[in-house]
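Residues per chain are reported as follows:
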Amino acid sequence: MIQTVDSARLAERLDQIAARPIDVMLEVKLSPEEAKAGVSRRICPADGAVAGCRNLRLRGLMTMPPWSDEAEPSRPYFRRLRALAEANGLAGLSMGMSHDFETAIEEGATLVRIGTALFGPRRRA
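Residues numbered from 1 in each chain as written. Predicted model: local features only at pLDDT ≥ 70, side-chain atom pairs only at ≥ 80, totals over all residues. Heavy atoms only, no water.

Asks: Explain helix 1 (residues 8–17) to me, and be specific about the residues and the numbers.
Replies: A turn of α-helix holds 3.6 residues, and therefore any two residues three or four places apart point the same way. A11, L14 and D15 are the residues of helix 1 that are buried. Around the axis of helix 1, the buried residues are gathered within 100 degrees of arc, so they sit on the same side. Among the exposed residues of helix 1, those oriented more than 90 degrees off its buried face are R9, Q16 and I17. Each element contacted by the buried residues of helix 1 is listed here: strand 1 (2–5) and strand 4 (56–62). (Buried < 20%, exposed > 50% of the residue type's maximum accessible area, 1.4 Å probe, protein only. Helix = DSSP H or I, 4+ residues; strand = E, 2+ residues; numbered from the N terminus. Arc of directions from axis to C-beta. Contact = heavy atoms within 4.5 Å.)

See the structure below:
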């Protein structure tokens, strides 16, 4: 599964090169941060970037809330993503990382990204 399909352009490219159907999650930008990527929450995911891609199967949504050392500030972003997924009949929710995955699970996450908890902090080059 590819969890970070963040634009129609990427979806179209993946669709072109796919040798078989690929499960994907659409990355939704819920944060105003410039560094964050994703499609606008105003776009209906089921009809947006992945629609018309015959080799892509939309399985859910993912998001990256603004960074915080605390988990609680992520909760409103997780709630918004869950509501958007429910409104579009999507079951998969990829949200939460090592520092906030418990909050993400409380808000309905079906996938969490916990690399730092498993492997430790990344070395910066």
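This is not the end of the story, as more comes after the structure.
Asks: How would you explain the pairing of strand 1 if you had to name every residue and give the values?
Replies: Where strand 1 and strand 2 (residues 22–29) come together, two bridges link them in parallel fashion. In the sheet register, V5 faces strand 2, and the bridge partner there is L26. Considered for its hand, the β-α-β crossover made up of strand 1, helix 1 and strand 2 is right-handed. (Pairing = 2+ DSSP bridges. Right-handed = clockwise from strand over helix to strand, strands pointing away.)

Asks: How would you sum up helix 2 (residues 75–87)? Please name residues and give values.
Replies: Taking 1.5 Å per residue, 13 residues should reach 18 Å; helix 2 reaches 18 Å between its end C-alpha atoms and fits that length. For helix 2, the set of buried residues is R75, Y77, F78, L81, L84 and A85. On its buried face, helix 2 is in contact with strand 2, strand 4, strand 5 (92–97) and helix 3 (101–106). (Expected span 1.5 Å × (residues − 1).)

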